[in-house]
Structures are given as structure tokens and as C-alpha cells.
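Structural description and commentary
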Amino acid sequence: MITRRHSRSEPAGRSSEVSWRCELRPLGDGALRFSVPSGVDARVLLDALRATPGVLDAVVTERHASVCFDEAVPDLEAVIAATVSAGRPPEGRLHTIRVRYDGLDLDAIAEVTGLGRAGVIAVHTGVVYTVRSLGFMPGFAYLGDLPTALRLPRRASPRARVPAGSVAIAGSRTAVYPAESPGGWHVMGLALDFVAFDSTRGATLQLGERVRFEAAP
Amino acid sequence: MNHPTDAGTLVVDSVRGPAFVQDGGRAGFMHHAVPPGGAMIPERLAASNRSIGNAWNAPAIELFGGISLHGTGSSTIVSLDGEPHVLGPGEVFAVLPSHEVSARYLAVAGGFDVPRRLGGYGTLVSVALGGFDGRSLRRGDVLSVSPHGRRAVRVMSASLEPARSIRVLAGPDVARFAPDALDWLTGTTFTVTATTDRIGARLDGPACTRIDADDGASSPMVRGAIEVPAEGHPIVLGPDHPTTGGYPVIAVVVRADHGAFAARRPGASVRFASVRLVEARAAWRELAHRWFQVETVSDGP
């Protein structure tokens, strides 16, 4: 954890401590990967990385972040250090997603958790989630944190086809599948009137934004 | 040779196996979980396009099998892997599957006219993004060709050396493996399995012993990353890779060898050689300088 302030005027020897603490390493010859320092806001970090000269792409996951570049290796030292001392960003946009809770795994979840169908729905709709990361497929946003009462390991065997729009849970995360796909998460229902990925605008749910689910009548 | 042309279209008479419109890729959207994509064998896409005066990364057809098409214009210039052909009106051009490489590239003068989506023209089938309707080509598909001027054509050739070792850099998770794991990677002759496509390639061979368990946490991924799941057989990520993944990365194929690796067909052998970063960068600079310079269309006299 970086505990002291870091300024651009510090000599290179001290700034290399950022590299060491963050385990900044090559990810092939066109990318770098590092550990996200604790306390850093993921959205602040993503925006800072994408704005860094030479960066073509940036991805922030919960454990690591990466940047891709072409020729010149971007200088990330000061950028990473600045995000540690950056303030909290404004609250991310809140999306409300209506769900028809009739998924293939709903009854099994209700039984395993002991909550019953109504209880499962009440827990799932009862919190506001934050987009913790995107990955797996375009538009797939990992939402957290799922209340502990609903936390289950992934299915023992994934399904070959989970319908587009499926609302699902696994571990401490919940998500909406943007398109039909194989999937190992427990399917609770179907998102109504929600497009998770659009070919002109990309992913609807972005890092740091918030989501609440609402049961459709 | 200079040939006058009008834009016209190319009509698919028959197709066997997957065939997609692909270009040089779309950078800048990995935070939407959209991989950069691009051709499996970028230097062959470049040879095909540049041999008929296109920018190296113009949309072309990436063929995993065979295809027959005919042009509706008075004259259509195409190139197959860098060999130009001039088609008369209605003349059928048939491409047979290759026995040597995994994919062939059919370019058309002007490039295929498909909508630009998220910074690129290529196809990502998982979400039906881009290309021709976001899917593989079918009999009866009519492909528009972008208007273009007169141009010179010439044969261009991108060699792939099917027996050469694929160069890798040690990966960021190498410490999660036993000390001899890199020796396993570079000492084994792997075989490309049939479970191989634009998302990635599974390799067969003796398993690697993992020393830790999969913990389910995901990290960012790139094309060429070699992930090793708990069961010990490597997966090499391809152009349409998921942007995050949960398996440790033991090594990453250098950019200069992405095409050489992707060209290996199911059943082909693969050996890896570990190189240093300075060599990987030099190899990329050389390949990029040779094939991937930004180019404007060259019009002939």
C-alpha cells in the first residue's frame, strides 16, 4: 500500500517503488499488468490509465489492471501513485433493471438458501450493486456485493446455453448475460427491456456505475 | 498491370466452414469487454490487401474452409493471400481449404463495405458485432465493395515457417508455477487440438503441475496469453479472447509471432522458445514496419 504522497519531481529511484509494490510486469511485449493498490477507486484508475499518453486500451479488474500500447511503453508510475491519493469520484449513474424472476435455478436457490422464492427475490432486489469489473464477454458487468444469504458457488457443470438477458448469481457477484452464452452461474430470471451491449455504444453498464433490480409484476 | 474497375458486389455461391469479414482489429474498447480482434494471421491479411493497393487492415474475408464467389461488376480485383486475380463479370472464383495454414485471406480492391462498429469493421460472433451481420458468411450473401480508383497490383508473400518455435515472454504469474514450469513449456512439443478457434487454442501434451488452486478471481488478458488451468494443459488466447480470465498466465506469445502461431492447424506441432523483452520488441518493430504501416490507397497512373 502506498502511504506517502508522490509527486512528479521525485527522482526515478523512489518512483520505482510503485512498480515494485504494484508488481508492474510485462503481459507480453504490448501490455503491462499491475496489482491495483488497495483503496484505489477502480473508475478513477481506469479513467487515468486511458488518458495516459500511449495507452491504447486499459482494463481494471478487482485484483489487477492492465494497459495495452503499440511502440512506446507508457509511463505508469506517476499515474498509479496519483490515483492512490485521489479523492472519491461522484457516485456512478444508477440503472434500474426490471426482472421477471422465473429462472431455471430460482427454485433450487430458494431451497438451498432456505429463503423461499419470495425471500430470494427480496434479498436480490434489496441492495444497490456497483459494477466492480467487466469481462467474460462484451457488456458483461460483474455487480457486487451480493448479500451473504445468496452466495453460492458456481454450478458444478455450466450450461451450454444461458439465454440472453438472464440475470444470474455466483459467489458474491450478480450479472446480466448480454447475449446467449455458455454459463456456470445460477439463473434467477430474465431482465426486461434491458440491453446490456449495443453495437454502436458498447457496454451499457460501466465500471463504477450502480444497479438495482426490481421484480416485474 | 492497371485495371479500370467499378465497385460492384461479390456474391457468395457456396461456402464450407467458417468465413468472416475481418480487418486489422478494433483497439480502445477492452474496458467494454470487447477484445481488439483482428485477423488470425495479420501478415497474411496485410499481404492480401496490399497486393491490390488496399490499406493493410482493410476489411477482407478470413476463410477457415473454402468459398466460391462471383463479382457483379464489370471487373473485380481480388487477392488470395497476396496473389491478385482479375475477375470478369459473373466469373466464379473458387477457394479451396488450405492444408498448410488455418486461415486464408480473400481481399477485394477497395475493401468490403461493412458498417464501422466500435472503431472497427471485423466480426465478433459472441455478440453478433460488426462484419457482415455479425456472423459467418452463407450462400447467397451479397457483399458490397467500397468504391476505389485505378490501382497497380503485384504479388506479395508473407512467409510463416511452420516448424519454427513460437517466441514467448515469461508471464506475470510464472511465480505461481513450480520452478521447472518454464522448462516444461519450452521443452515440450505440443499438438494443436481441434478445440481451436478465434477465441483460443487448446494444446495437447504432457500436463504441467500447478502448485496452487484456481481461486476464481479474474485478471486482464491479452491475445497470446498462455493460461494453464488446474488440469495442466495450456490454452493460448486468440484474437477474440475474453478480456479477463481466471487462470494463471505462465507466458505470453510475442506479438510478432501471433500470426505464426494462429496459422498452425489442428494436429500441427508447436514448440515455444523463451526470449527477452528487447528481442520481442525488435521483432515486432520489424514485422510492423514491413506489413502494418498505415497506408493510403495507391492509385495507378
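This is a predicted model, so every value here is computed, not measured. (Residues numbered from 1 in each chain as written. Chains lettered and ligands numbered in written order. Predicted model: local features only at pLDDT ≥ 70, side-chain atom pairs only at ≥ 80, totals over all residues. Heavy atoms only, no water.)

1. Points about the overall build of chain B
Helix and strand content of chain B: four helices and 19 strands. Expressed along its principal axes, the backbone C-alpha trace of chain B runs to roughly 65 × 35 × 35 Å. Within chain B, contacts between residues separated by at least 24 positions form 77% of all contacts whose residues are at least 6 apart in sequence. Split by element, the accessible area of chain B, about 11,800 Å² in all, is 54% carbon and sulfur. Charged side chains in chain B number 28 positive and 29 negative. The centres of these two groups are separated by 3 Å. (Helix = DSSP H or I, 4+ residues; strand = E, 2+ residues; numbered from the N terminus. Contact = heavy atoms within 4.5 Å. Areas by Shrake-Rupley, 256 points an atom, 1.4 Å probe, with all protein chains shown as cover. Lys, Arg positive; Asp, Glu negative; His and termini not counted. Charge placed at Lys NZ, Arg CZ, Asp CG, Glu CD.)

2. Concerning the interface of chain A and chain B
Taken residue by residue, the interface counts 39 residues in chain A and 36 residues in chain B. Contact between chain A and chain B buries roughly 3,300 Å² in total, counting both sides, with carbon and sulfur atoms accounting for 57%. Contact with chain B buries surface across chain A, with A:Leu27, A:Asp29 and A:Asp57 losing the most and accounting together for 20% of the total. Where chain A touches chain B, the interface holds five salt bridges. Where chain A packs against chain B, one counts 17 residue pairs in polar contact (both at pLDDT 80 or more). Taken together, the elements giving at least two residues each to the side of chain A that touches chain B come down to strand S1 (25-26), strand S2 (31-35), helix H2 (42-50), strand S3 (57-60), strand S4 (64-68) and strand S14 (202-203) of chain A. Tallying contributions element by element places S4(A) first for the side of chain A that touches chain B, with four residues. A class-by-class count of the residues in the side of chain A that touches chain B yields 19 nonpolar, eleven polar and nine charged. (Buried area = accessible area lost by both parts, 1.4 Å probe. Salt bridge = Lys/Arg side-chain N within 4 Å of Asp/Glu carboxyl O. Polar contact = N/O pair within 3.5 Å; in protein donor to acceptor, adjacent residues only side chain to side chain. Nonpolar A, V, L, I, M, F, W, Y, C, P; charged D, E, K, R; others polar.)

3. Digging into the nonpolar core
Grouped together as the largest cluster of nonpolar side chains are 29 residues, with contacts concentrated most on A:Ile97, A:Leu143 and A:Phe213. For this core, the secondary-structure elements that each account for two or more residues are strand S5 (94-100), helix H4 (106-113), helix H5 (116-125), strand S6 (129-134), strand S7 (141-144), strand S9 (166-170), strand S12 (186-192) and strand S15 (210-215) of chain A. Counting 26 residues, the second largest nonpolar core, distinct from the first, contains B:Leu45, B:Ala158, B:Leu160 and B:Leu287. (Core = buried A, V, L, I, M, F, W, Y, C linked by side-chain atoms within 4.5 Å. Buried < 20%, exposed > 50% of the residue type's maximum accessible area, 1.4 Å probe, protein only.)

4. Quick word on the pairing of strand S4 (residues 66-71) of chain B
Residue and element names in this part refer to chain B. With respect to burial, S4 is a largely interior element, six of its six residues being buried. Neither face of S4 is left uncovered, since the one carrying Gly-66, Ser-68 and His-70 and the one carrying Ile-67, Leu-69 and Gly-71 both have all their residues buried. Inspection of the sheet shows strand S1 (residues 9-16) paired to S4 by six bridges, in the antiparallel sense. Bridge pairing in S4 links Leu-10 to Gly-71. Where S4 meets strand S7 (residues 92-95), four bridges bridge the pair, whose relative direction is antiparallel. Note on S7: the bridge partner recorded for Leu-69 is Phe-93. (Pairing = 2+ DSSP bridges.)

5. Examining the pattern of salt bridges
Residue and element names in this part refer to chain A. One pass over the full model with this rule turns up 29 salt bridges over all chains. One salt bridge connects Arg-210 with Glu-91, and the closest N-O pair in it is separated by 3.4 Å. Of this pair, Arg-210 sits in strand S15 while Glu-91 sits in the loop between helix H3 (77-84) and S5, and the two are 119 residues apart along the sequence. Residue Arg-210 is classed as buried on the basis of its relative accessible area, which comes to 19%. A residue is classified by how much of its surface remains accessible, and Glu-91, at 66% relative accessible area, is exposed.

6. Describing the sheet that holds strand S11 (residues 190-196) of chain B
Residue and element names in this part refer to chain B. In spatial order, the strands read S18-S11-S12-S15-S14-S17-S10-S19; together these eight strands make up an open sheet with mixed pairing. Pairing within the sheet leaves two strands with one partner each, and these edge strands are strand S18 (269-270) and strand S19 (272-274). Pairing of strand S14 (residues 225-227) with strand S17 (residues 249-253) involves three bridges; the strand directions are antiparallel. Along S17, the bridge assignment pairs Ile-226 with Ala-251.

7. Let's talk about unusual backbone geometry
Residue and element names in this part refer to chain A. Omega for the bond connecting Gly-144 with Asp-145 falls within 30 degrees of zero, at -5°, which places this linkage in the cis form. Looking at where Asp-145 falls in the secondary structure, it is placed in the loop between S7 and strand S8 (159-162). Phi is positive for Phe-136, which is not a glycine, with a value near 75°. Note that Phe-136 resides in the loop between S6 and S7.

8. Quick word on the confidence of the model for chain B
All names here are of chain B. Averaged over every residue, the pLDDT of chain B is 94; the share at 70 or more is 95%. Segment residues 1-5 is flagged for pLDDT under 50; beyond a separation of four residues in sequence, or across chains, it makes 18 contacts in the model. Counting interchain partners and residues more than four positions distant, the pLDDT-below-50 stretch residues 296-301 has 14 contacts. Complex prediction metrics read pTM 0.94 and ipTM 0.94. (pLDDT = per-residue confidence, 0-100.)

9. Regarding the environment of B:Glu227
All names here are of chain B. Relative to the assigned elements, Glu-227 resides in strand S14. Accessibility expressed as a relative area gives 7% for Glu-227, which makes it buried. In sequence terms Glu-227 and Ala-201 are 26 residues apart; their C-alpha atoms lie 10 Å from each other. Not counting chain neighbours up to four residues away, the residues in contact with Glu-227 comprise Met-221, His-233, Pro-234, Ile-235, Leu-237, Gly-245, Gly-246, Tyr-247, Pro-248 and Val-249. Here Tyr-247 takes part through its backbone nitrogen, which lies 3.3 Å from a polar atom of the side chain of Glu-227.

10. Looking at the side chain of B:Ser219
Position of B:Ser219 among the secondary structure elements: in strand S13 (residues 219-220). Judged by relative accessible area, which is 7%, B:Ser219 ranks as buried. The contacts of B:Ser219, once residues within four sequence positions are left out, are A:Arg33, A:Thr61, A:Arg63, A:His64, B:Thr243, B:Thr244 and B:Gly245.

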